[in-house]
Amino acid sequence: MSTSQLLQRLVLPTPTTPEPLLYARTSGEAKVVPGGVVLQAGASLSFDTSFGVFHVGRWRRLTTIDALYVSVRASGLGVAEVVAVTGSTEEVIATADLPRGEGSPTAVELCVPSVRSSSHGTYFVRVRATTGEVCATGGEWLSSDPIARDVRLSLSITTFNRQDYVRKTVHAVLDLESNISSLTGKVRVLVVDNARNVTFDVAPSAPLTVVENGNLGGAGGFARGLMELRKAGWATHVLFMDDDITLEPEALVRTMALFRNAKDPKLCVHGAMLSEERPWLQFEAGSEYSFRSIYPLQALGREDDLRHREVAIADAPEIPFDYTAWWYTAFPIDITRDNPLPVFVRGDDVAFGLMHTGEHSVCLNGVIVWHADFGLKNNPSSLYYESRNLALVDTLVFDRHHWWNLAYRFASFGFRNLFSMRYASTEYMLKGLRAFLAGPEPWMAIDHAALHDELRQCAEEKPAPLSPELAAIAPRMPRHKLLRAWGFLFALLTVGGYLIPRPLRLRGHGVAPIDARAVGVATLRNTVLYRHDRIADGYVVERDAKRFFALLGEVARSIGAIAINYGKLKRAYRAAYPDMVSDAAWEARFSAALKR
């Protein structure tokens, strides 16, 4: 081929890959070696995996790509094939004998039908050793079509004392930029350091900029990054990325290719999140948002096992998103002039997605990050932010959001916390609601770093390593919905179990998942152990009648405050929004935070 552009690589697992079945499958006598895979006669290597397939249906729908081929680096006594999957039908549509020369494997190219006229959903490459040994080292999916638009992508990573994570990510990106010609000169990295202490061992010429910032949380870090990139005027697209993730570097290759060939100039790309503890398990691939629900954030693709072949090869239609999380969200820099809301953490990505990027966002196989279990990050202070910030999001975004929607969510979630003995969570939800009810003027005057330091002083309901005695108590999975519904009704009838005489309550700890509100379990117990189901982390809560009834009264009074004040608050927040997200307001916050 005279000219070509890189769309996607065939990435092979390494001996240290956490889950090889995400990358490739082998059958017969096959051995993973540094840099490749060696097959013996009768063995095969196939890329019918979540990261390995080429989703031609998605590329046809989203891009202008038409002329497509794959270059496979393999040599020996065997063949390379392209298998097309359409519904439940699989057929070999291209095949080529492998070169038999000694030394490093050389490339063999296989052309496939026109993307635009094809009805195929998915392609995958298979390498077979027929009569002797074959060595394969990977390959690339390429197009001979010209690049539709010039793309210059800058990552914006916000970090706060996550040096090990962020250094690994940055070095991986810089290595990719220097070693893949289609990315060289087209990818830069901006790190906004909210702790002002991170350093990188890179050459002075590396495309890396570090900006020191006061601790204004993720929202402040991403606002600073976006504003710096707008001022620089180089980037056409921005990739927001958290500092505590493990990146699959191939994600950048595919993101750049999508942007370069996208039909929609506003296309945004979201990286799915997988579990660090179970690296094949998907936590989220985009999210819906329902302001009428108690739990408004509704993840798509939750609990999908990406090792399964049927998940990998299916040409699933794009699912509309409401918003995408900022562990990996890439978007055109000119999609909006708005900056993120000043919310510190929790909800900044929700608002930005609902207002600007969500409707244009897609996922693509292999565009992923790994992240630690969110159950270990949730604590009462995070509920302060959720209670306050999501109320603001609902107020700003949804015309049909009324006071009773907020009251219903707050009351339902508040009672669940109370009835499950999570008193600290209830207290911090109330603090968050009071901050929202105070209106936009006090919000604009918040010292975010000082507030966050104050919120973090809460020592209750924070996951920590359990004692040997508590760790020996087996985890318990969530109960069936009907059983949970009966438990909640029983809790209401007995006022959280307080109408049950203490001698009639069950002895020992009740046990519940760490991210649950175990209302039914708590009703008949005096203590509940909330613990992680895979690692020995958790905490214990204890029944406290005085605290329960005091908080019950506060929750009831807060519902009244919502009913009285919501209408004028909605008008006030909407009027204040342009100022809240403006460059001038953020510059003032940056200046004040750097003086701390």
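Just above, that's the structure.
Summarised in this report is the structure supplied together with it. Every value quoted in this text rests on a predicted model; they were computed, and no experiment measured them.

Two aromatic rings, taken as a pair, are described by how far apart their centres are and by the angle between their planes. Taken as a whole and judged by the stated rule, the model has 29 aromatic pairs. Between Phe-51 and Trp-370, the aromatic rings sit 6.3 Å apart at their centres with planes inclined by 65 degrees, giving edge-to-face as the arrangement. One end of the pair, Phe-51, is in the loop between β5 (44-46) and α1 (56-62); the other, Trp-370, is in strand β22 (residues 368-371), and 319 residues separate them in sequence. Accessibility assignment for this pair places Phe-51 and Trp-370 in one class, buried. Between Phe-240 and Trp-326, the ring centres sit 4.8 Å apart and the planes meet at 75 degrees, which makes this aromatic pair edge-to-face. Taken together, the residues span a long stretch of sequence, with Phe-240 in strand β13 (residues 237-241) and Trp-326 in the loop between α5 (309-313) and β20 (329-332) at a distance of 86 residues. With a relative accessible area of 0%, Phe-240 lands in the buried category. In this structure, Arg-302 packs its charged tip against the face of Phe-283, placed 4.1 Å from the ring centre.

We now examine the pattern of salt bridges. One side chain can pair with another of opposite charge once the charged atoms of both are near each other. Going through the model one piece at a time under the given rule, you end up with 26 salt bridges. Here Arg-337 makes a salt bridge to Asp-583, at a shortest N to O gap of 3.7 Å. Taken together, the residues span a long stretch of sequence, with Arg-337 in the loop between β20 and α6 (348-357) and Asp-583 in helix α16 (residues 583-594) at a distance of 246 residues. Of the residues examined, Arg-337 reaches a relative accessible area of 57% and is grouped as exposed. Here the salt bridges share partners, and the residues they tie into one network are Arg-25, Asp-48, Glu-90 and Arg-309.

Okay, the packing of helix α7 (residues 380-397) against helix α9 (residues 423-437) next. Where α7 contacts α9, the axes come no closer than 7 Å and their chain directions differ by 35 degrees. Relative to α9, the crossing made by α7 is right-handed. Here Pro-380, Ser-381, Leu-383, Tyr-384, Ser-387, Arg-388, Ala-391, Leu-392 and Thr-395 of α7 come into contact with α9, specifically with Ala-424, Ser-425, Tyr-428, Met-429, Lys-431, Gly-432, Leu-433, Ala-435 and Phe-436. Classifying every residue of the contact of α7 with α9 by side-chain character gives 11 nonpolar, five polar and two charged.

Turning to the side chain of Glu-177, a few remarks are in order. With respect to the helices, strands and loops of the structure, Glu-177 is situated in helix α2 (residues 163-179). Within the buried core, Glu-177 has no salt-bridge partner, and the shortest N-O distance to an opposite charge, that of Arg-188, equals 7.6 Å. Ignoring any residue separated from it by four or fewer positions in sequence, one finds Glu-177 in contact with Leu-183, Thr-184, Gly-185, Val-187 and Pro-207.

This next bit is on a nonpolar patch on the surface. Taken together, the side chains of Leu-483, Trp-486, Leu-489, Leu-492 and Leu-493 make up a nonpolar region of the molecular surface, amounting to roughly 510 Å² of accessible area. Of note, Leu-483 is situated in helix α13 (residues 481-493). Taking the relative accessible area as the measure of exposure, Leu-483 reaches 42% and is therefore partly exposed.

Next up on the list: the pairing of β13. Taking burial as the measure, the five residues of β13 include five buried ones, the bulk of the element. In β13, alternate side chains face the same way, and those of His-237, Leu-239 and Met-241 on one face and Val-238 and Phe-240 on the other are all buried. Sheet topology note: the β13/β20 ladder contains four bridges and is antiparallel. Of the residues in β20, the one forming a bridge with His-237 is Pro-332.

Residue position: Phe-352 is located in helix α6. When the C-alpha atoms of Phe-352 and Leu-483 are compared, they prove to be 38 Å apart, with 131 residues separating the residues in sequence.

Attention now goes to helix α3 (residues 217-232). Taking 1.5 Å of rise per residue, the 16 residues of α3 would be expected to cover 22 Å, and the 23 Å separating its terminal C-alpha atoms lies within 8% of that figure. Across the 16 residues that make up α3, a large majority, 13, are buried. Just beyond α3, the residue with positive phi is Gly-233, at close to 75 degrees.

What follows concerns the nonpolar core. Side chains that are nonpolar tend, in soluble globular proteins, to be buried together. Among the nonpolar cores identified, the biggest contains 79 residues, and Trp-141 and Tyr-328 are the most heavily contacted of them. Setting aside its immediate chain neighbours within four residues, Tyr-328 contacts Leu-239, Phe-240, Met-241, Leu-247, Ala-251, Leu-252, Thr-255, Val-269, His-270, Gly-271, Val-367 and Val-369. Ala-407, Trp-443, Tyr-566 and Tyr-577 belong to the second largest nonpolar core, which has 59 residues in total.

Reading the values: rules and limits
- For every chain, the first residue of its written sequence is number 1, and the numbers climb from 1 along that sequence.
- For this predicted model, a pLDDT threshold of at least 70 governs which residues receive local features, and a threshold of 80 or more governs which side-chain atom pairs are given and counted, while totals over whole chains, interfaces and linings are taken from all residues.
- Processing note: side-chain calculations cover all non-hydrogen atoms of the structure and skip hydrogens and water entirely.
- Aromatic pairing here means that ring centres of Phe, Tyr or Trp (its six-membered ring) are within 6.5 Å. Orientation follows from the plane angle: under 30 degrees is stacked, over 60 is edge-to-face, and everything else is tilted.
- Numbering of helices and strands starts at the N terminus; helices are DSSP runs of H or I of at least 4 residues and strands are runs of E of at least 2.
- Between buried and exposed lies partly exposed: a residue is buried under 20% and exposed over 50% of the maximum accessible area for its type, with that area taken using a 1.4 Å probe on protein chains only.
- Note on geometry: a ring has a charge over it if NZ (lysine) or CZ (arginine) is within 6 Å of the ring centre and within 35 degrees of the ring normal.
- A pairing counts as a salt bridge when a side-chain nitrogen of Lys or Arg comes within 4 Å of a carboxyl oxygen of Asp or Glu.
- An axis is simply a line fitted to the C-alpha atoms; with a helix, the fit covers only the stretch in contact. Between two such axes, the angle follows the N-to-C directions and lies from 0 to 180 degrees.
- Throughout, a crossing is termed right-handed when the near helix is turned clockwise from the far one, and left-handed when it is turned anticlockwise from it by less than a right angle.
- Residue contacts are counted whenever heavy atoms from the two residues lie within 4.5 Å of one another.
- Nonpolar residues are Ala, Val, Leu, Ile, Met, Phe, Trp, Tyr, Cys and Pro. Charged residues are Asp, Glu, Lys and Arg, and all others, Gly as well, are polar.
- As used throughout, the charge tally considers Lys and Arg to be positive and Asp and Glu to be negative, leaving His and the chain termini uncounted.
- Patch rule: a residue counts if its relative accessible area is over 30% and it has no salt bridge; like charges are joined within 9 Å, and nonpolar side chains (Val, Leu, Ile, Met, Phe, Trp, Tyr) within 5 Å.
- A 1.4 Å probe and the Shrake-Rupley method give the accessible areas. Residues count as covered only by the protein chains that appear here.
- Here, any two strands with at least 2 DSSP bridges between them count as paired.
- Here a helix's expected span is defined as the number of its residues, less one, multiplied by 1.5 Å.
- Each nonpolar core is a collection of buried residues, namely Ala, Val, Leu, Ile, Met, Phe, Trp, Tyr and Cys, held together in the definition by side-chain atoms within 4.5 Å.

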